[in-house]
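# Coordinates in review
Here's the letter readout for the chains.
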Amino acid sequence: MPLPSSQFRIVFEHCTREGKMPYNITYLFHRSLTAAFACILLGATISAGHGETLPPKISPEAIIWKPASIFEKKSKDELKKQPRMNLSGAACVPTTPKFTSCLIANDEKKYAQFFSIEGNLLVPKDLIRLSDDDDDPDAEGAAYDDGFFYVTGSHGRGRHSDEKNLSSYTVFRIAVDPTTGIPKTRPNAESVDGVEASTRLRKVLKQDDDVEAYFNEPLAKGGINIEGIAVRDGRMYFGLRGPSVKRRAYVVSVNANALFTRKDDLEPRTRSFELGKDTGIRDLAAVKEGLLILAGPTREEDVPYTVWLWDGSSETATPLATLDLSKVQQGAKAEILLPLEEDATSFRVLVMFDGVENGGAISFRIKR
């Protein structure tokens, strides 16, 4: 029989709030077959009030992650500008044992920081200075591949002042031993040592047919803003938080080695895929089958954070999960997606946040 409008409203509110079908919906609606299917039908069209179709929502693992100490050196800055409040990208060398050499970037200072993962403990280690420029490089992502850590600047305007920040148009790399992860040059917090820098990506973005119109535009106008980086099979991928055009987000890729030469062909490519309205890329992470994408709001929109799997070349990505961040501090921005494990059935990842002290790490197991 048809579902009365009052009952439909109850089902709608329950599905929207809970993200799933009530366990005893047949009891609630007197065994109405229509009611029993209501959440299923609504689930195909509803998500977070945006009319988007979202992958299943998953809760974080019960494990409590904590830092051994704060992610910073001594600082007199107000708390919101200190590194431990502005972590924005992380990557690890595949060492044995695992996670003995990792690097984390922040978007407020001129240095990154090495760290390790010991059980459920994040252990900050040496700082390494990335830049001597007047402005900070606005580091927004970190990656590792084949003996190098990489850190990328946002390649966009400053988020708060809306001024040009030429220091952000840079990609850095740091050579490490691929077996141990030990830096080949002793990390130096006071001056640039053992860090190569490249500004060649700026020209790629400025001349790209898909995103050139957004080059150096303010964030409020959809300006280019890199938030994620991953390196896989010799190519470096940059995930753009903005622009998001007609529900599509962008990844620009180049030859990783060529980027740190003066004239070698960068072989640039741009791909876009539909992630949703006002949705951009907040991080990228290389896995065996391609790249994991952490998607979220381009600015401050009410957009959920989701994880997708992309093969690195096609125009489509597979939705895997919507992250339940209901217990995360309000205003936090998920900006780090760090793979911990992967097998035939799932990915286990660590998610960390900009705006939470020491990143506020939580972990998820995501089904393929």
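Before reading further, recall that the structure is shown in the block above.
What you see is a predicted model; the values in this text were computed from it and never measured.

Calculation rules
Residues numbered from 1 in each chain as written. Predicted model: local features only at pLDDT ≥ 70, side-chain atom pairs only at ≥ 80, totals over all residues. Heavy atoms only, no water. Helix = DSSP H or I, 4+ residues; strand = E, 2+ residues; numbered from the N terminus. Contact = heavy atoms within 4.5 Å. Areas by Shrake-Rupley, 256 points an atom, 1.4 Å probe, with all protein chains shown as cover. Salt bridge = Lys/Arg side-chain N within 4 Å of Asp/Glu carboxyl O. Buried < 20%, exposed > 50% of the residue type's maximum accessible area, 1.4 Å probe, protein only. Pairing = 2+ DSSP bridges. 1 Å grid on protein atoms, 1.4 Å probe; cavity = no way out; pocket = protein on both sides within 12 Å on 5 of 7 lines; lining within 4 Å. Points joined across faces, edges and corners; volume = space filled by probe spheres on them. Core = buried A, V, L, I, M, F, W, Y, C linked by side-chain atoms within 4.5 Å. Disulfide = S-S within 2.5 Å. Polar contact = N/O pair within 3.5 Å; in protein donor to acceptor, adjacent residues only side chain to side chain.

### Regarding the overall build of the protein
A tally of regular secondary structure across the protein gives four helices and 21 strands. Long-range contacts, defined as pairs at least 24 residues apart, comprise 54% of the intrachain contacts of the protein with a sequence gap of at least 6. On the protein, roughly 17400 Å² of surface is accessible, and the fraction owed to carbon and sulfur atoms is 50%.

### Focus: the pattern of salt bridges
Counting across every chain of the model gives 19 salt bridges. For Glu-357, the salt bridge identified is with Arg-84, shortest N-O distance 2.6 Å. Residue Glu-357 is located in the loop between strand S20 (346–354) and strand S21 (362–367), and its partner Arg-84 is located in the loop between strand S2 (66–67) and strand S3 (87–92); the two are separated by 273 residues in the primary sequence. Its relative accessible area of 38% is what places Glu-357 among the partly exposed residues. On the accessibility criterion, Arg-84 (13% relative accessible area) is buried. Note that Arg-241 is salt-bridged to Glu-227, the shortest N-O span being 3.6 Å. Here the residue Arg-241 occupies a position in strand S12 (residues 235–242), and Glu-227 occupies one in strand S11 (residues 225–232), the gap between them amounting to 14 residues. Residues Arg-241 and Glu-227 agree in their burial class; the two are buried. Here the salt bridges share partners, and the residues they tie into one network are Glu-61, Glu-341, Arg-348 and Arg-365.

### Considerations on unusual backbone geometry
Put simply, Thr-96 and Pro-97 share a cis peptide bond, and its omega is 0°. Here Pro-97 is to be found in the loop between S3 and strand S4 (102–106). Residue Pro-243 is reached from Gly-242 by a cis peptide bond, and omega for that bond is 5°. Considering the arrangement of structural elements, one finds Pro-243 in the loop between S12 and strand S13 (248–255). Positive phi, normally seen in glycine, also occurs at Asn-216, with a value near 60°. Looking at the element boundaries, Asn-216 is found in the loop between helix H4 (201–207) and S11.

### What about the sheet that holds S4?
Across the sheet, which stays open at both edges, the five strands sit in the order S2-S6-S5-S4-S3 with mixed pairing between neighbours. Across the chains shown, the open sheet's two edge strands, defined by having one partner strand only, are S2 and S3. With seven bridges connecting them, strand S5 (residues 111–118) and strand S6 (residues 121–129) associate as antiparallel partners. Following the sheet pairing, Gln-113 is matched in S6 by Leu-127.

### Observations concerning the layout of surface pockets
In this structure, the second largest pocket encloses a volume near 670 Å³. What lines the second largest pocket is a set of 27 residues, and nearest its centre among them are Cys-92, Pro-94, Ala-286, Pro-339 and Glu-342. Contributions of two or more residues to the lining of the second largest pocket are made by S3, strand S7 (139–145), S11, strand S15 (279–287) and strand S19 (333–342). In terms of residue count, S19 provides more of the lining of the second largest pocket than any other element does, six residues in total.

### Structural notes on the nonpolar core
The biggest cluster of nonpolar side chains holds 25 residues, and the ones touching the most others in it are Tyr-150, Leu-201, Met-236, Phe-238, Val-254 and Leu-259. Discounting residues that sit within four places of it in the chain, Val-254 has contacts with Leu-201, Val-204, Gly-234, Arg-235, Met-236, Phe-238, Leu-259, Leu-266, Glu-267 and Pro-268. Leu-294, Leu-309, Leu-337 and Phe-364 belong to the second largest nonpolar core, which has 23 residues in total.

### Remarks on the state of the cysteines
Summed over all chains, the structure comprises one disulfide. Between the sulfur atoms of Cys-92 and its disulfide partner Cys-102 the distance amounts to 2.0 Å. Between Cys-92 and Cys-102 the sulfur-sulfur dihedral comes to about 100°; the bridge is accordingly right-handed. Pair noted here: Cys-92 is in strand S3 and Cys-102 is in strand S4, with a separation of ten residues, a long-range link. Pair check on accessibility: Cys-92 and Cys-102 agree, each one buried.

### Here we look at the pairing of S6
Strand direction decides the pairing type here: S2 and S6, joined by two bridges, are parallel. Looking across to S6, one finds that Pro-67 is bridged to Leu-122. The turn joining S5 and S6, which pair antiparallel and follow one another in sequence, is formed by two residues; a positive phi near 65° is taken by Gly-119.

### As for the side chain of Arg-232
The topology assignment puts Arg-232 in strand S11. A distance of 3.1 Å separates the side chain of Arg-232 from the backbone oxygen of Val-287, its partner in a polar contact. Within the local environment of Arg-232, its side chain forms a polar contact with the backbone oxygen of Gly-290, the two atoms lying 3.4 Å apart. Ignoring sequence-local partners within four residues, the contact set of Arg-232 consists of Tyr-237, Ala-286, Val-287, Lys-288, Glu-289, Gly-290, Leu-291 and Asp-311.

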